[in-house]
Amino acid sequence: MLDQKIPATVITGFLGSGKTTMIRNLLENANGKRIALIINEFGDLGVDGGLLKGCGIEACRDEDVIELNNGCICCTVADDFIPTMTKLLDRPDRPDHIVIETSGLALPQPLVAAFNWPEIKTQVTVDGVVTVIDAAAVSEGRFADDHDKVDAQRVQDESLDHDSPLEELFEDQIRAADLIILNKTDLISGAQLDAVKNDVQSRSIRALNMVPASFGKLSNQLLLGLGVGTEDDIANRKSHHEMEHEAGEEHDHDEFESFVVGLGPVAEPKSFVEKLKSVIADHDVLRLKGFVNVPGKPMRLVVQAVGSRIEHYFDRSWHPGEERQTRLVVIGLHDIDTAAISSAMNAAAA
Ligand SMILES: Nc1nc2c(ncn2[C@@H]2O[C@H](COP(=O)(O)OP(=O)(O)OP(=O)(O)O)[C@@H](O)[C@H]2O)c(=O)[nH]1
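Quick caveat: nothing in here was measured; it's all calculated off a predicted structure.

What counts and what doesn't
Residues numbered from 1 in each chain as written. Predicted model: local features only at pLDDT ≥ 70, side-chain atom pairs only at ≥ 80, totals over all residues. Heavy atoms only, no water. Near = heavy atom within 4 Å. Polar contact = N/O pair within 3.5 Å; in protein donor to acceptor, adjacent residues only side chain to side chain. Helix = DSSP H or I, 4+ residues; strand = E, 2+ residues; numbered from the N terminus. Nonpolar A, V, L, I, M, F, W, Y, C, P; charged D, E, K, R; others polar. Domains from an automatic or database assignment. Pairing = 2+ DSSP bridges. Axes fitted to C-alpha atoms, helices over the stretch in contact; angles between N-to-C directions. Contact = heavy atoms within 4.5 Å. Phe/Tyr/Trp six-rings, centres within 6.5 Å; stacked < 30°, edge-to-face > 60°. Buried < 20%, exposed > 50% of the residue type's maximum accessible area, 1.4 Å probe, protein only. Lys NZ or Arg CZ within 6 Å of the ring centre and 35° of its normal. Salt bridge = Lys/Arg side-chain N within 4 Å of Asp/Glu carboxyl O.

Trainee: Describe the site of the ligand, and please don't skip the residues or the numbers.
Mentor: Among the 21 residues in the neighbourhood of the ligand, the closest are listed as Thr 20, Thr 21, Phe 215, Lys 289 and Glu 311. Between the ligand and the protein, one listed contact pairs an oxygen atom with a side-chain N or O atom of Thr 21 at 2.5 Å. Contact distances for the ligand include 3.2 Å between a nitrogen atom and a side-chain N or O atom of Asn 183. Residue assignment for the shell around the ligand shows that the elements contributing at least two residues are helix H1 (19-28), strand S9 (287-292) and strand S10 (299-306). Here the residues of the shell around the ligand sort into 4 nonpolar, 9 polar and 8 charged. Two domains each donate at least three residues to the shell around the ligand, and these are domain 1 (6-244) and domain 2 (256-349).

Here it is, written out as structure tokens:
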């Protein structure tokens, strides 16, 4: 007879909403529970894995952090996710819980559907889909269509899709959720939070289960104890794409572009970060993150930007033999000017 099914929590949420930060907190409070982590990022640079691996948290052994960087997990389910899961399940020391961080651009629905594949279904169940929302970004209207503009365009073009890719993805991630974390409440007022709650609820016909949080600080009992079995309820979580194409055509991420910029050493990190702010604003960069080599400093500098908000801090020493590189991943909409951004970033680093 098979052991009890291993619960798996799917953590989704738009770029920079705070998924990795929440997972770090969750691992710090694991209390002896063995948690395996599957991390998927959009873009070729494994920043989230790089931040969690070797983070010194006891519950986070390097072999339990698995990175899937061959594209967005929702598009590579069969080739990447299923083999990774079966390998994990074949290990003699199986984890107590599996946490899957999807890329900020993933549609969670195809991933949840993968839990109905026979080789997975008998061994694992989806404890729940947790969607992290950047409540400050929602409050600033960053996921709302500019309806006046869209209406004006619609007059010209009847076939225009009313939703922007950002808004559509945002809604798909909401519709897939068993629990919604309204994160970054430190940046907004109580009244703004109420408005965000109403906005989010208005995007789903199901009553949503929402909790506010700051830096994803919530109890593991809540996050890992939902007990939903979401794989049996996928019919109620359909994405825009599924509803539009019931036939189940492949979807893609053509609306978004990601590229890595390699730079030389950065002698003046403060001024570099200030200049990056202008690059982000001038070119509508959605997300920028990576590691920076500051000459003379034994530690590597992390740079994290979500829209116009940018953070930098030294996270750990460069390992002996590790190449001290400055590499940043940049993500924006498909028409983002990659050449202009690369050259502006080079100028900022000089
Ligand atoms: N002020 C504030 N900042 C936060 C909070 N949670 C996360 N951040 C910051 O937001 C940035 C993005 O956080 P991450 O945890 O990397 O977000 P993510 O969802 O994993 O990002 P992607 O994997 O790129 O989609 C970092 O600079 C975090 O320090 C929060 O509650 N409040």
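Now, onward.
Trainee: A description of the sheet that holds strand S1 (residues 6-13) should follow, citing residues and the corresponding values.
Mentor: Spatially, 7 strands are ordered S3-S2-S4-S1-S5-S6-S7 in an open sheet, and the strand pairing comes out parallel. In the strand order of this sheet, the two ends are held by strand S3 (65-68) and strand S7 (210-212), each with one partner. The average undirected angle you get between the axes of adjacent strands in this sheet is 20°. Pairing between strand S2 (residues 35-40) and S3: 4 bridges, direction parallel. Directly across from Ile 39, in S3, lies its bridge partner Glu 67. Contacting S1, S2, strand S4 (97-101), strand S5 (124-134) and strand S6 (179-183), H1 crosses the sheet at an angle of about 150° to S1.

Trainee: An account of the packing of aromatic side chains is needed here, citing residue identities and associated values.
Mentor: Each pair of aromatic rings is reported with the distance of its centres and the angle of its planes. Tallying each qualifying case throughout the model produces 3 aromatic pairs. A centroid spacing of 5.1 Å and a plane angle of 85° characterise the contact between Phe 14 and Phe 143, whose relative ring orientation is edge-to-face. Pair noted here: Phe 14 is in the loop between S1 and H1 and Phe 143 is in the loop between helix H6 (135-139) and helix H7 (147-156), with a separation of 129 residues, a long-range link. A relative accessible area of 6% means that Phe 143 is categorised as buried. Summarising the aromatic geometry, the rings of Phe 81 and Phe 115 are spaced 5.7 Å apart at their centres and angled 55° between planes, so their arrangement reads as tilted. Here the residue Phe 81 occupies a position in helix H3 (residues 77-90), and Phe 115 occupies one in the loop between helix H4 (108-114) and helix H5 (118-121), the gap between them amounting to 34 residues. Each member of the pair, Phe 81 as well as Phe 115, carries the same accessibility label: buried. Counting every residue linked through ring pairs, the aromatic cluster contains Phe 14, Phe 143 and Phe 170. One residue, Arg 300, lies across the ring of Phe 291, its end atom 3.8 Å from the ring centre.

Trainee: How would you sum up the environment of Pro 110? Please name residues and give values.
Mentor: By secondary structure assignment, the location of Pro 110 is in helix H4. For the pair Pro 110 and Ser 239, spaced 129 residues apart in sequence, the C-alpha separation works out to 9.4 Å. For Pro 110, the residues in contact, after removing those within four places along its chain, are Cys 74 and Val 77.

Trainee: Before we move on, can you summarise the pattern of salt bridges with the specific residues and values?
Mentor: Taken as a whole and judged by the stated rule, the model has 17 salt bridges. The closest approach of N and O atoms between Glu 140 and Arg 309, which form a salt bridge, is 2.8 Å. Remark: Arg 309 occurs in strand S11 (residues 309-317) and Glu 140 occurs in the loop between H6 and H7; sequence separation between them is 169 residues. Glu 140 sits in the partly exposed class, given a relative accessible area of 45%. On the basis of relative accessibility, which here comes to 33%, the residue Arg 309 falls in the partly exposed class.

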